[in-house]
Amino acid sequence: QVQLVESGGGLVQPGGSLRLSCAASGSIRAIGDIRWYRQAPGKQRELVADISSGGDTNYSDSVKGRFTISRDNAKNTVYLQMNSLKPEDTAVYLCNAVISRRSSYTFANYWGQGTQVTVSS
């Protein structure tokens, strides 16, 4: 069994910062690319940032320069540091990762349950 659990969401004022975490647990052999998505009410799910197993990163234009994705492979954890937050960043943030279980050499797609981020004064 493999699980992804996000944490770190909450209510923050415009201009503030939050740090999201996504921890993978279970019988894991390897973790490949990890992505942060967000879903706002009435909007399509948006890819916010991704990081490869080698540490290469990509960001959507809407968060570039404000958000930073990083990973700690020893802890099977990925982080999303969010600075200069805006009301339009309000959404449920979801972690997605491709993971190979110890019982298999194939990779499968896993999702966390999401964490709410609300940016409001």
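Only a predicted model underlies this, so the values are computations on that prediction, with no experimental measurement involved.

What counts, and at which threshold
- Residue numbering note: each chain is counted from 1, following its sequence as written.
- Where totals are concerned, whole chains, interfaces and linings use all residues; where local detail is concerned, this predicted model gives features only for residues with pLDDT of at least 70, and gives and counts side-chain atom pairs only at 80 or more.
- Note that water and hydrogens are dropped before the side-chain values are worked out from all heavy atoms of the structure.
- A pair of cysteine sulfur atoms is labelled a disulfide when the two atoms are within 2.5 Å.
- Strands here mean DSSP runs of E at least two residues long; helices mean DSSP runs of H or I at least four residues long; both are numbered from the N terminus.
- Here a cavity means grid points, on a 1 Å grid over the protein atoms only, where a 1.4 Å probe fits yet cannot get out; a pocket means an open set of points with protein on both sides within 12 Å along at least five of seven lines; lining residues are those with an atom within 4 Å of a point.
- Grid points are joined across faces, edges and corners, and a volume is the space filled by probe spheres set on the points.
- Lys, Arg, Asp and Glu make up the charged group, whereas Ala, Val, Leu, Ile, Met, Phe, Trp, Tyr, Cys and Pro make up the nonpolar group; the residues left over, Gly among them, are polar.
- The term salt bridge refers to a side-chain nitrogen of Lys or Arg lying within 4 Å of a carboxyl oxygen of Asp or Glu.
- Only protein chains enter the accessibility calculation, which uses a 1.4 Å probe. A residue is then buried if its area is under 20% of the maximum for its type, exposed if over 50%, and partly exposed in between.
- Polar contacts here mean pairs of N or O atoms no more than 3.5 Å apart (in protein, one a potential hydrogen donor and the other a potential acceptor; neighbouring residues in sequence count only if both atoms are side-chain atoms).
- What makes two residues a contact is simply this: any of their non-hydrogen atoms within 4.5 Å.
- In this analysis, strands are considered paired if DSSP registers two or more bridges between them.
- Here an axis means a line fitted to C-alpha atoms, over the contact stretch when the element is a helix, while the angle between two N-to-C directions is reported on a 0 to 180 degree scale.

**With respect to the state of the cysteines**
Here's step 1: Evaluated as defined, the whole model comprises 1 disulfide.
Here's step 2: One disulfide in the model links Cys-22 with Cys-95; its S-S distance is 2.1 Å. When the S-S torsion is -80 degrees, as for the bridge of Cys-22 with Cys-95, the disulfide is left-handed. One end of the pair, Cys-22, is in strand E3 (residues 18-26); the other, Cys-95, is in strand E9 (residues 91-101), with 73 residues separating them in the sequence.

**A look at empty space enclosed by the protein**
Here's step 1: On inspection of all chains with the given rule, the structure shows 1 cavity of 30 Å³ or more.
Here's step 2: Lining the largest cavity, in full, are Leu-4, Cys-22, Ala-24, Ile-31, Ile-34, Asn-76, Thr-77, Val-78, Ala-97 and Ile-99.
Here's step 3: Mapped onto the lining of the largest cavity, the elements with two or more residues apiece are E3, strand E4 (28-39), strand E8 (77-82) and E9.
Here's step 4: Taken together, the residues of the lining of the largest cavity break down into 8 nonpolar, 2 polar and no charged.

**Description of the pattern of salt bridges**
Here's step 1: One pass over the full model with this rule turns up 5 salt bridges.
Here's step 2: The salt bridge partner of Asp-33 is Arg-35, with a shortest N-O separation of 3.9 Å.
Here's step 3: A salt bridge links Arg-38 to Glu-46; the shortest N-O distance between them is 2.8 Å.
Here's step 4: Judged by its relative accessible area of 7%, Arg-38 is buried.
Here's step 5: Among the residues examined, Glu-46 registers a relative accessible area of 27% and is labelled partly exposed.
Here's step 6: In the salt-bridge network here, residues are joined through shared partners; they are Arg-38, Glu-46, Arg-66 and Asp-89.

**Focus: the side chain of Arg-66**
Here's step 1: Inspection of the secondary structure assignment puts Arg-66 in the loop between strand E6 (57-59) and strand E7 (67-72).
Here's step 2: Here Ser-84 takes part through its backbone oxygen, which lies 3.0 Å from a polar atom of the side chain of Arg-66.
Here's step 3: Sequence-distant contacts of Arg-66, defined by excluding residues within four places in its chain, comprise Gln-81, Met-82, Asn-83, Ser-84, Leu-85, Lys-86 and Asp-89.

**Side note on the sheet that holds E3**
Here's step 1: Spatially, 4 strands are ordered E1-E3-E8-E7 in an open sheet, and the strand pairing comes out antiparallel. Edge positions in the sheet fall to strand E1 (2-7) and E7, since each of these pairs with one other strand and no more. Adjacent strand axes in the sheet meet at a mean angle of 15 degrees, parallel and antiparallel pairs treated alike.
Here's step 2: Across 6 bridges, E1 lies against E3 in antiparallel orientation. Residue pairing in the sheet places Val-5 in a bridge with Ala-23 of E3.

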